[in-house]
Amino acid sequence: MSALGVVGGIAQPVLIVAGSPLLVGVMRQVRARLEGRAGAGVRQPWRDLRKLLRKETITPRGTSEVFRIAPLLLVATSLVVAVVVPFVTTDSAIDPVADLFAVVALLALGAVALALAGLDTGTAFGGMGASREMTILALVEPTLLVAIFALSVRVGSTNLGAIVSSTLHDPARVLSPASLLAAVALIVVIVAETGRLPVDNPSTHLELTMVHEAMVLEYAGPDLALIELASAMRLSVFLGLLANLFLPWGIATAATPAALVVGVLALVVKVGLLGVVLAAGEVFLAKLRLFRVPELLAGSFLLALLAVAASYFLA
Amino acid sequence: MNLAATGLACAVAIGVLTALAALVVPARSAVVGVGTVLSGAAAMLAGCAAMSGVSFVVALPALLPLSGMLFTLDALGGLFVAVTGAVAVAVGVYGISYTRAPDLRARGVQAVLPLFVVAMVLVPAAASAGAFLVCWELMALFSLLLVVAEHRRRPEVASAGRWYAVMTHLGFLSVLIGLMVFVARAGDDSFSALRDSARHLSPLVAGVVFVLALLGFASKAGIVPLHAWLPRAHPEAPSHVSALMSAAMVNLGVYGLVRVGFDLLGGGPVWWWLLVLVLGAVSAVYGILQAAMSTDLKRLLGQSTTENMGLVLVGVGAAGLFASSGNRTLAGLALVAALLHVVGHAAFKTLLFLAAGSVLHATGTRDLDELGGLRPVMPVTTAAFGLGALAASALPPGTAFVSEWLLLQALIHGLPASGVAAAVAMPVAVAAVALTAGLAVATFVKAFGVGFLAKPRSAAAAGAHESPVTMLAGMGIAAVACAVLALAPAVVLPGIEAAARVAGDPAVSGAVTLRLTGVTGALSPVLLGLALIVAVVALAGVVRVVATHRVRREARLWDCGGGPMSPRMEYTATSFAEPLQRVFDDVVQPELDVDVTHHEESRYLVRAVEYRRKVPDRIERRLYQPVLRFVATCGERGRVLATGSVHRYLGYGFYTVCGLLLLLAVTR
């Protein structure tokens, strides 16, 4: 555990927790402006969180501790990922956990906790959301892991620090066919995992097509605040991961104040830009029918397989 | 006599004595339970001693005419003996009160259980083909007797028993022929003689031996397409027997494959291992896909056994591929991953089957669509199943996560290391493992979420009660094993590495952090678990400080203003799996049947809708039905020969003997 890793382990979660609601705010604002609305302002998600935290916690009758623990577990998984993944510094606070498989599996654990909570309520909506979320998760997993495979083969390791450092040392790799194909596959997967358009619409309630919102219908007060925070954090974490796997420049490699400031700024700019692009793209997209989503994911899986083939045959 | 020999002898002696005692003592359940626990514990001790390097050889020439019996215990056999013993301990404790049910209390059924454990312990200890085949057959027979234990109460048990009997004996036949071909070339049936002669085998003979052995062992491990018996027999057997079969017996198929493939034949060409890898990948995906559609709790667990054995075979196949290209480090890593998955699977499948048995005991149903709402009435069973589901779904901090991580590491590092065959096989294997992992998550979320949470979907589930304390203790033992394997796999890794030496070099080191040797890679399951716990506790503290209202208020569910929600409005296992079923429509080809009845006044008004769905096993239908039809046709035709006349039958006998004599006279 190096000094750089410890600094990163403290700075990253603070940055992600504080910044992710703002990222959501920025994305909503961009969308509002493009649609000709004034928008609620960038800080609206934080205001919402403050409001929810002051409200009463309500537990629906007949639910068990699964329902109560799920929001905590959901935030905890994102928090652990925020600590270990090299977002601001190349070293990780807990290096043996900064493994790409471990990180992906941790994020899946959060989704599973929420799906179980949805089932625990015993409502039709909860079950529906859980069922759809698990279907999408099951289909996303192969693409995610094969894309990771393509990225790790060239480095010879699934350690995130190693992957990021290797890209820093050899920038030409970013433009290799394997890397580009993997990037496209990962983008599709991330859109699906974070529940954005065209897979799921984050701004709908009570629509028969909803996935994420259906699972969280019964939550209120601080529990809901945690879930809102967690979904914002998951979005930031996934975008941060995407940014640093393919464009790691600016990340701090030494524990000097200047390098750290640059690292923080680079992450904010990269994730912010990705968020803006995603939001702008969403304006032009409609939600896919649920049973068209597998086709989209199958396409991205094919790209990931091609990425692996390219990494072997074109290397 | 050293520890390994003493332990094994004790295990056998205690098992046999327990079986005898069960025939005479009135308090059978307790005697058999304690005897099974002691026998299992002795086997565990022997296995652990063998893995740490203690070995022995016992020759019993009088036991089997012509060839005699030869027993030994090396690290590989020791690992499987230890796993079987550990499962037997949990099952023995559980069985003390579980077997009080009328059908299971019967003298015969009780006496067979310890004998089944003894047979399973002896299979990996056999050191000659004769001893191996005898123990293998004993194991099959005893398990068959246990599968049909409840045949009086449920007619479907008999059908499951027939399937199991036929499939297991066809598998036995395949192994028998394979080993006999091998023995005929070697001239002696001891494993050491076979090992020595393997170098002189022609590739064709070696290939025949391997494929025949693979067929037999794959059918025991429930590998597609020889899996048809498994989802029938495992659910119909009493639950503690299901646990023994699913967690201990199927492992011996893997043992046989590793023993024959790596140890006796000394590895082989690439195509052997590609075949194993492909069979494994197909089984993993097909097994979990069937499990994802299943609504029968125990059938689902049985299908998940096919999936897990498939993953193990992916590891074994990869190890063979690396070994045949000379990369002993990666071969070691892949085999360690496979064997760790065997151990982990034994732990969580024991736990899951015992928990399912507890549910069956309390509610009388295995149908997930009728369960639910067990959390308030069966808290311990719910927690046990939850832990098992986490362990089975390859999520951190679960048991299968560590072994699947190791497996993926082996596959990733294998791509640059070996030839074109591997370059095609590895990405596909990774994709199969990944799809399996994703579907396993969905499957176990369904099993746990629908089966245990929410509101009860039937009167049986509503009237459930927690199981007796010994059943809970049995689950507790399995749960502790799961937790230890998930957080501190380093406890068992030295033993597994010793066993994996048949294929490659030691590959993993470290206690807190598992570090791969030879290739880069590190993972610390315990730090991961700790980080999660710390994060959850810290968050709970922060929320308590920040939130102004501290008291939780209960309120009714949001019901769209339509009155209280009824259990009929809940999602069921069928509806939960519906999206997946649609996505994999072409693969599973479900049979759907929708009947709509209309009101008499208008056909626009619907009175009732009836929806029936069946997901038949497609491979079974394509592969088994034609064979069964053919056999049935042959039987029908053959009836012409059997007219009932004794003279005719005597005539058949006479002409057959004449024919044989002629054949002998001509060929000699």
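The rules we used
For every chain, the first residue of the written sequence is number 1, and numbering continues from 1 along that sequence. Key to labels: chains lettered from A, ligands numbered from 1, both in the order written. The model is predicted, so local features are restricted to residues of pLDDT at least 70 and side-chain atom pairs to those at 80 or more, both for listing and for counting; the totals for chains, interfaces and linings are taken over all residues. We count a stretch as a helix when DSSP gives it H or I for four or more residues in a row; a strand needs E for two or more, and each element gets its number in order from the N terminus. Radius of gyration: over C-alpha atoms. The globule rule applied is 2.2 Å multiplied by the number of residues raised to the 0.38 power. Whether a residue is buried, exposed or partly exposed follows from its count of other C-beta atoms within 10 Å of its own C-beta, namely 20 or more, 12 or fewer, or something in between, respectively; the C-beta atoms are built from the backbone. By the criterion used throughout, residues are in contact when their C-beta atoms, derived from the backbone, lie within 7 Å. By convention here, the domain bounds are inherited from an automatic or database domain assignment. Residue-level confidence of the predictor, termed pLDDT, takes values from 0 up to 100. DSSP bridges decide pairing: two strands pair if at least two such bridges lie between them. Here a helix's expected span is defined as the number of its residues, less one, multiplied by 1.5 Å. For this analysis, nonpolar core means a set of buried Ala, Val, Leu, Ile, Met, Phe, Trp, Tyr and Cys residues linked through C-beta atoms within 7 Å. Interaxial angles span 0 to 180 degrees and are taken between N-to-C directions of axes, which are lines fitted to C-alpha atoms, for helices over the stretch in contact. An angle below 35 degrees is treated as roughly parallel, one above 145 as roughly antiparallel, one from 65 to 115 as roughly perpendicular, and anything else as oblique. Crossing chirality is assigned from the near helix's rotation relative to the far helix, an anticlockwise turn below a right angle marking it left-handed and a clockwise turn marking it right-handed.

**Focus: the overall build of chain A**
So, step 1. When helices and strands are tallied, chain A shows 11 helices and one strand.
So, step 2. At 19 Å, chain A has a C-alpha radius of gyration in line with the 20 Å of a compact globule built from 315 residues.
So, step 3. Along the three orthogonal principal directions, the C-alpha set of chain A runs to about 55 × 45 × 45 Å.
So, step 4. For chain A, with 315 residues in total, the buried portion stands at 63%.
So, step 5. Taking all contacts inside chain A whose residues are at least 6 apart in sequence as the whole, residues at least 24 apart take part in 79%.

**Description of the overall build of chain B**
So, step 1. Each helix and strand counted, chain B has 25 helices and eight strands in total.
So, step 2. Against the globule reference of 26 Å for 668 residues, chain B gives a C-alpha radius of gyration of 26 Å, in line with a compact fold.
So, step 3. Taken over the C-alpha atoms alone, chain B extends approximately 95 × 70 × 60 Å along its principal axes.
So, step 4. Residue burial in chain B is summarised as follows: out of 668 residues, 58% are buried.
So, step 5. Considering only contacts within chain B whose residues lie at least 6 apart along the sequence, 80% involve residues at least 24 apart.

**Considerations on the domain arrangement of chain B**
So, step 1. Split into domains, chain B comes out as domain 1 (1-185 + 225-249), domain 2 (341-539) and domain 3 (620-667).
So, step 2. Each of domain 1 of chain B and domain 3 of chain B was reduced to a C-alpha centroid, and the two centroids are 35 Å apart.

**Side note on the confidence of the model for chain B**
The predicted structure's coordinates, where accompanied by low pLDDT, should not be read in detail.
All names here are of chain B.
So, step 1. Considering every residue of chain B, the mean pLDDT works out to 89; 100% of them sit at 70 or more.
So, step 2. Per-element confidence in chain B is highest for helix α15 (residues 379-392), whose mean pLDDT is 94, and lowest for helix α4 (residues 102-105), whose mean pLDDT is 76.
So, step 3. As scored by the predictor, the complex reaches a pTM of 0.94 and an ipTM of 0.93.

**A few points about the interface of chain B and chain A**
So, step 1. Listed by partner, the interface residues are 64 residues for chain B and 72 residues for chain A.
So, step 2. Among the elements of the structure, α16 (399-417), α17 (420-452), β5 (522-523), α21 (525-546), β6 (552-555) and α22 (573-583) of chain B are those that each provide at least two residues to the side of chain B that touches chain A.
So, step 3. As defined by bridge partners, strand β1 (residues 57-60) of chain A adjoins β6 of chain B across four bridges and the pair is classed as parallel. Paired with I58 of chain A across the bridge in β6 of chain B is R553 of chain B.

**Quick word on helix α5 (residues 107-122) of chain B**
So, step 1. With 16 residues, α5 of chain B extends 24 Å from end C-alpha to end C-alpha; this agrees with the ideal 22 Å at 1.5 Å per step.
So, step 2. Burial of α5 of chain B is extensive: 14 of the 16 residues sit out of reach of the surface.

**Details of the pairing of strand β8 (residues 606-614) of chain B**
Residue and element names in this part refer to chain B.
So, step 1. In terms of residue burial, β8 counts as a barely covered element, since only zero of its nine residues are buried.
So, step 2. Strand direction decides the pairing type here: strand β7 (residues 591-598) and β8, joined by eight bridges, are antiparallel. Pairing of L592 across the sheet is with R613, part of β8.

**Remarks on the sheet that holds strand β3 (residues 508-509) of chain B**
Residues and elements named next belong to chain B.
So, step 1. Read across the open sheet, the three strands follow the order β3-β4-β5; overall the sheet is antiparallel. Each edge of the open sheet carries a strand with a single partner, namely β3 and β5.
So, step 2. Two strands pair when backbone bridges link them, and strand β4 (residues 514-516) and β5 are joined in this way by two bridges, in the antiparallel orientation. By the bridge assignment for β5, R515 is matched with A522.

**Observations regarding the nonpolar core**
So, step 1. Grouped together as the largest cluster of nonpolar side chains are 379 residues, with contacts concentrated most on V146 and A147 of chain A together with L351 and V441 of chain B.
So, step 2. Here this core takes 23 residues from helix α14 (residues 328-363) of chain B, the largest share from any one element.
So, step 3. Looking at which domains feed residues into this core, each of domain 1 (1-185 + 225-249) and domain 2 (341-539) of chain B gives three or more.
So, step 4. Aside from chain neighbours lying at most four places away, what touches V441 of chain B is A108, V112, M134, L137 and A138 of chain A together with S393 and L395 of chain B.

**Remarks on helix α19 (residues 469-487) of chain B**
So, step 1. Under the 1.5 Å per step criterion, the end-to-end length of α19 of chain B is 26 Å for 19 residues, consistent within 8% with the ideal 27 Å.
So, step 2. Where α19 of chain B is concerned, the buried positions are M471, L472, G474, M475, I477, A478, A479, A481, C482, L485, A486 and L487 of chain B.

**Digging into unusual backbone geometry**
Residues and elements named next belong to chain B.
So, step 1. Cis rather than trans, the peptide bond between V224 and P225 has omega equal to 5 degrees.
So, step 2. Tracing the chain through its elements places P225 in the loop between α9 (203-220) and α10 (230-236).
So, step 3. With omega at -5 degrees, the peptide bond leading from P396 into P397 counts as cis.
So, step 4. Note on placement: P397 falls in the loop between α15 and α16.
So, step 5. A positive phi is found at A394, a non-glycine position, where the angle reads about 60 degrees.
So, step 6. Residue class for A394 comes out buried when judged on the 30 C-beta atoms lying within 10 Å of it.
So, step 7. Not every positive phi belongs to a glycine, and A454 is a case in point at roughly 60 degrees.
So, step 8. Positionally, A454 belongs in the loop between α17 and α18 (459-462).
So, step 9. The class of A454 is buried, set by 29 C-beta atoms lying within 10 Å.

**With respect to the environment of R154 of chain A**
So, step 1. Residue position: R154 of chain A is located in helix α5 (residues 124-155).
So, step 2. Placed 80 residues apart in sequence, R154 of chain A and R234 of chain A show a C-alpha to C-alpha distance of 27 Å.

**A short note on the packing of helix α1 (residues 3-34) of chain A against helix α2 (residues 44-53) of chain A**
Residues and elements named next belong to chain A.
So, step 1. Across the interface, α1 lies against α2 with an axial gap of 7 Å and an inter-helix angle of 125 degrees. By the angle class used here, α1 and α2 are oblique. For the pair α1 and α2, the contacting residues are P21, V24 and G25 in the first and Q44, P45, W46 and L49 in the second.

**Structural notes on the environment of L493 of chain B**
So, step 1. By the element assignment, L493 of chain B lies in helix α20 (residues 493-499).
So, step 2. Taking the C-alpha atoms as reference points, L493 of chain B and G476 of chain B, 17 residues apart in sequence, are found 22 Å from one another.

**Topic: the environment of R28 of chain B**
Residue and element names in this part refer to chain B.
So, step 1. Locating R28 in the fold gives a position in helix α2 (residues 28-51).
So, step 2. Taking the C-beta count within 10 Å as the criterion, R28 has 22 such neighbours and is therefore assigned buried.
So, step 3. Separated by 68 residues in sequence, R28 and I96 have C-alpha atoms that sit 8.8 Å apart.
So, step 4. Contacts of R28, omitting those with residues within four sequence positions, involve A22, R105, R107 and Q110.

**Overview of the packing of helix α11 (residues 239-264) of chain B against helix α13 (residues 297-324) of chain B**
Residue and element names in this part refer to chain B.
So, step 1. Close contact between α11 and α13 brings their axes to 11 Å; oriented N to C, the two are set at 20 degrees. Relative to α13, the element α11 lies roughly parallel. Relative to α13, α11 is oriented so that their crossing is right-handed. Residues S242, S246, V250, V254, L257, V258 and G261 of α11 touch α13, and the partners they reach there are K298, L301, G302, T305, M309, V312, V316 and G320.

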